[in-house]
Amino acid sequence: MASEEPAPTAASTPPTLLDLSTYLLSRTGKAARARLAERLARRGLRLWDMAVLAALADFGPHAQRDLVRRLGVDPSDMAKVADGLAAAGYVERARDTADRRRVSVTVTDAGRALLAELRAEALAVQDEVLAPLSAEERQVLHELLGRLHARLAGAP
């Protein structure tokens, strides 16, 4: 039986890595993602489920293939996510009358309610992860990460 290796601690991590902000961002992001994924799994959901609901709530109905591009999801994975969300009543899918190959996906009221609950879960994880920081430090971190994200996403 394979055993899981313990997560590295600050004391066991080589100082050479601790000197790299990108390493710290990666490890922090991985830990935060795992915590949120665990909370979503308790509900039978995955991070992609939340991402799809968020995209639909924030940007409106999408052709399923446009969701694939917006979120960077494999088309077959998107089909599974959309199927699951539709079966649970969180999204509605309909064939485009002008182009029967296109499937339009729309968030339902139940999906919006679920997204609000999932956002609360995500904020709770965020509070756990950022607990060592003051409110002012959290704001600065958020602004800095926003600038980095915008640059990496290709914004000017």
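This write-up is about the structure you can find in this document. Every value quoted in this text rests on a predicted model; they were computed, and no experiment measured them.

**Details of helix H7 (residues 135–152)**
Compared with the 26 Å implied by 1.5 Å per residue over 18 residues, the 26 Å span of H7 between its first and last C-alpha is a close match. Positive phi appears at Gly-154, one or two residues downstream of H7, with a value of about 95°.

**A few points about the packing of helix H3 (residues 47–59) against helix H5 (residues 75–87)**
The interhelical angle for the contact between H3 and H5, taken along N-to-C directions, is 75°, at an axis separation of 10 Å. On the basis of the axis angle, H3 is roughly perpendicular to H5. On the side of H3, the interface is formed by Trp-48, Asp-49, Val-52 and Leu-53, while H5 contributes Met-78, Val-81 and Leu-85. Tallied by class, residues from the contact of H3 with H5 come to six nonpolar, no polar and one charged.

**Description of the packing of aromatic side chains**
For the structure on display, the rule yields zero aromatic pairs. Seen from the ring of Phe-59, Arg-70 lies directly overhead, with NZ or CZ sitting 3.8 Å from the centre.

**Quick look at the packing of helix H4 (residues 64–71) against H5**
Between H4 and H5, the least distance of the axes is 10 Å, while the angle of their chain directions is 115°. For the pair H4 and H5, the crossing hand works out as right-handed. Contacts between H4 and H5 involve Gln-64, Leu-67, Val-68 and Leu-71 from the first element and Pro-75, Met-78, Ala-79 and Ala-82 from the second. Residues belonging to the contact of H4 with H5 are distributed by class as follows: seven nonpolar, one polar and no charged.

**Considerations on the sheet that holds strand S2 (residues 91–95)**
Two orientations exist for strands paired in a sheet by backbone hydrogen bonds: parallel and antiparallel. Read across the sheet, three strands follow the order S1-S3-S2 without closing on themselves; strand pairing throughout is antiparallel. Among the strands making up the open sheet, the edge pair consists of strand S1 (62–63) and S2. Bridge count between S2 and strand S3 (residues 103–107): five bridges; the pairing is antiparallel. Residue pairing for S3: Glu-92 is matched across the bridge by Thr-106.

Reading guide: rules and limits
- Residues numbered from 1 in each chain as written.
- Predicted model: local features only at pLDDT ≥ 70, side-chain atom pairs only at ≥ 80, totals over all residues.
- Heavy atoms only, no water.
- Helix = DSSP H or I, 4+ residues; strand = E, 2+ residues; numbered from the N terminus.
- Expected span 1.5 Å × (residues − 1).
- Axes fitted to C-alpha atoms, helices over the stretch in contact; angles between N-to-C directions.
- Parallel < 35°, antiparallel > 145°, perpendicular 65-115°, else oblique.
- Contact = heavy atoms within 4.5 Å.
- Nonpolar A, V, L, I, M, F, W, Y, C, P; charged D, E, K, R; others polar.
- Phe/Tyr/Trp six-rings, centres within 6.5 Å; stacked < 30°, edge-to-face > 60°.
- Lys NZ or Arg CZ within 6 Å of the ring centre and 35° of its normal.
- Left-handed = near helix turned anticlockwise from the far one by under 90°.
- Pairing = 2+ DSSP bridges.

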